[in-house]
Amino acid sequence: MGYPHKSDPKENVVLSEYFGDAGARTYDGWVERGGYKALKTALGMEPNAVTDIVKQSGLRGRGGAGFPTGLKWSFMPKEKTRAHYLCCNADESEPGTFKDREIMRWTPHALIEGCAIGQYAIGAEVCYIYIRGEFTEPIKVMQAALDAAYANGVLGDNAMGSGKKLDMYIHRGAGAYICGEETALMNSIEGRRGNPRIKPPFPAAAGLFGMPTTINNVETLAAVPHIINRGAEWYSGLSLASEKSSGTKLLSVCGNVRKPGNYEVTMGFPLKELIYDLCGGMPEGRTLKAVIPGGSSVPILTREEAEGCILDYEGCVAAGTMLGSGGVIVFDDSVDMVYQIMRLAKFYAHESCAQCTQCREGTAWTVRILERILAGKGTQDDIDLLLDLADQMTGKTICVLSDSCAVPVVSGITKFRDEFDAYISGAREPVLTHG
Amino acid sequence: MNRATIDGKTITAPEGHTILDAATESGIEIPTLCWYPGLSVVGNCRICLVSVDGAEKLIPACAAPIEDGMKIETRSPAAVDNRRSVLSLLLERYPTTNLDAGAEPANIFESYLADYGVKPTTANQRELPLRSGDERPDDPMIRHDMSTCILCTRCVRACEETQVVGVLDTAERGGVTQIIVGTDGDPDKASCTWCGECVRVCPTNAIFEFLPRERFGEELKATDKVARSVCPFCGVGCQIDLHAKDDTIVRVTSPAPTEITPNDGSTCVKGRFGYDFTSHEDRLNKPLIRKGWEKENDRWEWRGGTDSLRRTGPWQTIEGEGATMKPAAPPRRQGKRLKDLPLLERTAEVSANRVATPIDWYEPFREATWEEAFELTAQELTRIHEDDGPDGLAVFASAKCTNEENYLLQRLFRARFGTNNIDHCTRMCHATSVSAMSDTLATAAASGSMREVEHASDVIFIAGANTAETHPVFGAALKRAHERGAKLVVADPRKVELAARADVHLQMTPGTDVALFNGMLNHVFAMQLEDTDFITKRVKNIDAIRQSVEPYTPERASAITGIPAELIREAAEIYAGGPNTSTLWAMGLTQHLRGHDMVISLLNLILCCGMIGRWGAAMMPVRGQNNVQGASDMGAIPFVYPDYQPVADPANREKFSRAWGVDPETMSLTPGMKVTEIAKKGSPVRALYIMGENPIISDPDIARAEEWFSKVDFLAVQDLFLTETARYADVVLPGAAFSEKSGTYVNTERRIQVTEKAVNPPGEALADWEIVTEISKRCGLESPFESPDEIMEEINSLAPSWTGVSYERLKGAGLQYPVPAMDHPGTSFLFPETFPTDDGLANLHPVEYAPPDELPDDEFPYVMSTGRQLYHWHTGTMTRRSAGLDQREPTPTIEINPEDAAELGVKDGDLVKVTSKRNSIVISTRTSFRVAPKQVFVPFHFREAAANLLTNPVLESHAKMPELKITAVRIEPV
């Protein structure tokens, strides 16, 4: 559903079926639409059986990494000598990504139901939903839904009469992008500075409060009730290309298209169709220049690459990029790629938690050099310096924020070198006065 | 064990050892910046990344455990490239002044730059500004130069994890990330304790000690000696390293945390910054003799004034100073920027030279030669001994001096003068603990060790001890124990730091401890939580105890103590539940008229719950002075020879007289007088020898004590400074500070440690053992000692618990006595099987609650207690001559609850007059919620408002301990 537009027949609306339908927000409305049936079913099963269904469905993490969800759940220790936790990552901060926001705004109970099923499967009595602090409206909606879920006995000491204890809390973020990184998110919930932790230990061994923890993205968990209701086979069959990628994917499209918005398509959908058909193509008189298909952290595609890209985990890798969070940023031929890359780098420099030397210093330095180029003071050596820095920043740090900053720089320089050269040679007027 | 290869070398490493651990062990150096022993591993600097065969990325050596079969290359091209990258990225925002000058690397970071050949980009090519952060401008001890900060966060972790304070933190994100001091740059508001742990861990000197740099500058780079010593302040016995240059201590550092030391390498503010008193201009460097002593026909005669003129001088008495108006205490506030600090100038003005010895005080004295000083002292001691007999003499030994020195002093007075009138400040310290522990367990020291409390106790019960301030390094260990999950129960009338963080704070009416402990024991019995097995096998008289605590129901205890009965029950259950409970106490219990009973009732609780005699269940009277345990061990108390061998036992007299080469008949079988009885009207003592004590500030009811001192026949004082007591002396003998001599000290856990001499004493001053040896010889007692270790040989031949002690063996961590043989490893905890009583059983004594001597009434409505502050030590002779410490607490203050302050109409800094039945002082107000309403606290460090002018000299009957903790006072604004 291309909210706020009507859904396109080419979409496959599963998660977004009730986007725009205010009635789905209430407890009663959700139940009328078939809500909480899946949780009831799951509570009647063995927890392992729930995990197995999710495994068989082929559901993979929608936050960006695409790790098989059922497999992740199965990493949780089976013995229950210590508390287990589920964290729902609703810190959606990746530039260009706004799908989780819509899930929480329109179908809060879908998320609550998904979380509850996940909790039951992994043996976690407590789930924290960590919501980006700027999402004031979704937080309100989620809190109201959570209260209603408790009031109706869905959650609490005896969840849906199962005798199981399922508690859920909303934790507001405070404006740090890095808190979307799973271990930084846990530190943040614990009241510490949101710095990513060294791994290992992985969260399944020692996560929130040092206890075994699973952390899943909003979209991932929201898909779980559908899988329980309609079966693993249904879900694993939702695939237009690679069978390793199944289900539907919400894609947040922004940038230079006529109809930006969220679109839900079956895995394997062509990027070209998304841009030209679903989003109505480029603005009048413009042509496609570049696409970042998976949120700002993935390599930039040229027009040719983008038009051949298949939107699933394997298809994106084949095109030299990643599906990531599904935040599709579209650039037309009016866009200054050097400036855009500087903006992206500046975002990462600002959001670096500043633990690791390469990230703290590398991101800041990258921005300085890009600004200098944009100010017309760059040299060819600066290009080498940028690539050298990017190399130093890749694969050396605790989390991947540093890598994420390097990615657009490297792909930008590789694919749009002429624009850099134009600033350096003076062929293009400087756009910054400082630098 | 995992087998792996590092740089081709095969190694084995136990489970959990990191690559860095294993490499270090096999002598392969991997550079580190953020890693520090003992701190949590954050792996943020990324300099220690190494290549591991089969791994996609470089692996952080500090964080990655060795796995079986790993092949590690620490200097692979990728690893070395990464190191250069880290260094050049850090260098890009680091000042290059030192590097540009081609000087030696100033720190480990600069050394790495040299090792890896990383050169700075020239200044005009710099892309990024230097780093910045909170700077602590005008701080007296710790300053920051954050341009050299590399954000390794060692300081943040040390502050939070080692000291459990959390003053420092990382603020902001990205390129503007910086280290901050509290939220607004004010270390005071952020509860900084100035311990200097941050200084110690900083790898680039971004956080540095201010005083040495200010005073010694360049000299710091070329110190000529580093000597391992033991901190001269509290009883924790922290090992410290003294850095000396030209006979001056220029810096104190602490040992590596990897060495085994009682302090695990930490110090508090006094240990790290309080060393400069040793080079204060007031140090005595020549003997002084009171003008009026003249030598005629080979004899010294007093030709000066008599009666009231005999010992006067151009000074105010302590009483006079107490009543005088004085500058008000400056507010304690420091800001981020200099312009926020007008008040500090005021502090500097107020404190400049004010605490130094007034020049007038020297006027009644003349400088003398050692020959004259020794002659006069020996002549007068001998004369008064002949005239008045043995008990006309008395000696105050010193808890600040070494074991050897205390041993020599009691040896002189026992062997040569036949008196047991030997005592020291333990009388005002743990004397009631010693009497109570002797009665119950026949012991006089802590049963356990500090590290067992930190690592092995499940419950820590603290009664009347402000450990975080008075034993800060142990206090930090207790906080670490609490952080790891041990329960903390604190019984204290004040909400001191540990009380505030305790699981249960029993905030009682002062002096009601017996009722509390009996009440807890009542509940223990009621719930059948006692350790019946322990009781059956290890104690006697249990029925009397059961009977005696019967009436002390939690409700009745609550009525007496003011603590809710529920809390008493909870505390009792936690205490008895253990499974391993350690019990700590200090002056809050001992300095009472009923101090003996209070400790007895606490011992009853310990024993009935079986919380002694195993690792994790320690009985710890926390000793105050650095050698108060040792001085007592050496027999510097009136009733025992060294190692607690009673003087009343003729066999002991026989043994010691033989060793000391005197006729046993000349030695006394009668226990001697105690400190609190000696300096008192009607005392038979006419000659007093004092080594390193300052009773005119530390005795209760100073006005009367000062009067007594002004009338004694002969007074010799051996000290570093012309103290309030020394100004009344006939002879002042300049001794040596801890750094100027070697010797041994015993800490609160019976650990004997040896110190190394770092510098020579100033001028003609001598080591105290040299002074006492010479006086012994001149008084006719054979004393063939050429060095402290020779004295130790005599000690270990006479003290059975010390038989295995030698200077050689004491090197390193020292030894915890008993050390009964040369191959004995020392004793970390006592009494696993029996107690040293005759039958091996503990003797329980029933005790009843009785109120303190002075209760508040309409005329004196407040209860005043006295004690120590973090920044000062006892009578202030040392700390008030230490620039950094004195600036933190430059003036005397009284802690008043804000409610009471409002009622009195006074605010912070206002002067008030505090009056007890005995005297008055004028002192500045400091409002604080730490004291309960109608209670006040006055530290006893300050001459100009001496708390002990007010205190009650009433004495506890067993130990002759004055009731220093409870004085009824009235407060008036002035």
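Below you will find a few notes about this structure. (Residues numbered from 1 in each chain as written. Chains lettered and ligands numbered in written order. Predicted model: local features only at pLDDT ≥ 70, side-chain atom pairs only at ≥ 80, totals over all residues. Heavy atoms only, no water.)

**Quick look at the interface of chain A and chain B**
If you look at the interface, chain A gives 27 residues, while chain B gives 29 residues. With both chains or domains summed, chain A and chain B bury close to 2400 Å², and 53% of this area falls on carbon and sulfur atoms. Area buried by chain A at its contact with chain B is led by Arg193, Glu361 and Trp365 of chain A, which between them contribute 23% of it. Linking chain A with chain B are 3 salt bridges, by the criterion used here. When the shortest N-O distance is used, the salt bridge between Arg93 of chain B and Glu361 of chain A registers 3.9 Å. Counting across the chain A and chain B interface gives 12 residue pairs in polar contact (both at pLDDT 80 or more). Sorting elements by how many residues they give to the side of chain A that touches chain B places helix H15 (residues 357–374) of chain A first, with 10 residues. Among the residues forming the side of chain A that touches chain B, the class breakdown is 10 nonpolar, 10 polar and 7 charged. (Contact = heavy atoms within 4.5 Å. Buried area = accessible area lost by both parts, 1.4 Å probe. Salt bridge = Lys/Arg side-chain N within 4 Å of Asp/Glu carboxyl O. Polar contact = N/O pair within 3.5 Å; in protein donor to acceptor, adjacent residues only side chain to side chain. Helix = DSSP H or I, 4+ residues; strand = E, 2+ residues; numbered from the N terminus. Nonpolar A, V, L, I, M, F, W, Y, C, P; charged D, E, K, R; others polar.)

**Looking at the sheet that holds strand E9 (residues 301–302) of chain A**
Residues and elements named next belong to chain A. One open sheet accounts for 5 strands, arranged E6-E5-E11-E8-E9; its pairing is mixed. In this open sheet, the two edge strands, each paired with only one partner strand, are strand E6 (261–266) and E9. Both strand E8 (residues 288–292) and E9 contribute to a ladder of 2 bridges, which runs antiparallel. Looking at E9, one finds that Ala290 is bridged to Thr302. (Pairing = 2+ DSSP bridges.)

**Examining the side chain of Thr879 of chain B**
All names here are of chain B. One can find Thr879 in the loop between strand E34 (862–867) and helix H33 (883–888). A distance of 3.0 Å separates the side chain of Thr879 from the backbone nitrogen of Trp873, its partner in a polar contact. Excluding anything up to four places from it in sequence, Thr879 contacts Phe233, Lys270, Tyr871, His872, Trp873, Leu885 and Asp886.

**Here we look at the pairing of strand E39 (residues 952–955) of chain B**
Residues and elements named next belong to chain B. Here E39 pairs with strand E40 (residues 962–963) via 2 bridges, running antiparallel. The residue of E40 that forms the bridge with Asn952 is Glu963. Taking the residues that link successive antiparallel strands as the turn, the E39-E40 hairpin has 6 residues, and the phi of Lys960 there is positive, at about 60 degrees.

**Quick notes on the nonpolar core**
Membership of the largest hydrophobic core comes to 65 residues, with the highest contact counts inside it found for Leu381, Phe413, Tyr689, Phe714, Ile775 and Trp802 of chain B. Of the residues forming this core, the biggest block, 7 residues, is contributed by helix H11 (residues 370–388) of chain B. (Core = buried A, V, L, I, M, F, W, Y, C linked by side-chain atoms within 4.5 Å. Buried < 20%, exposed > 50% of the residue type's maximum accessible area, 1.4 Å probe, protein only.)

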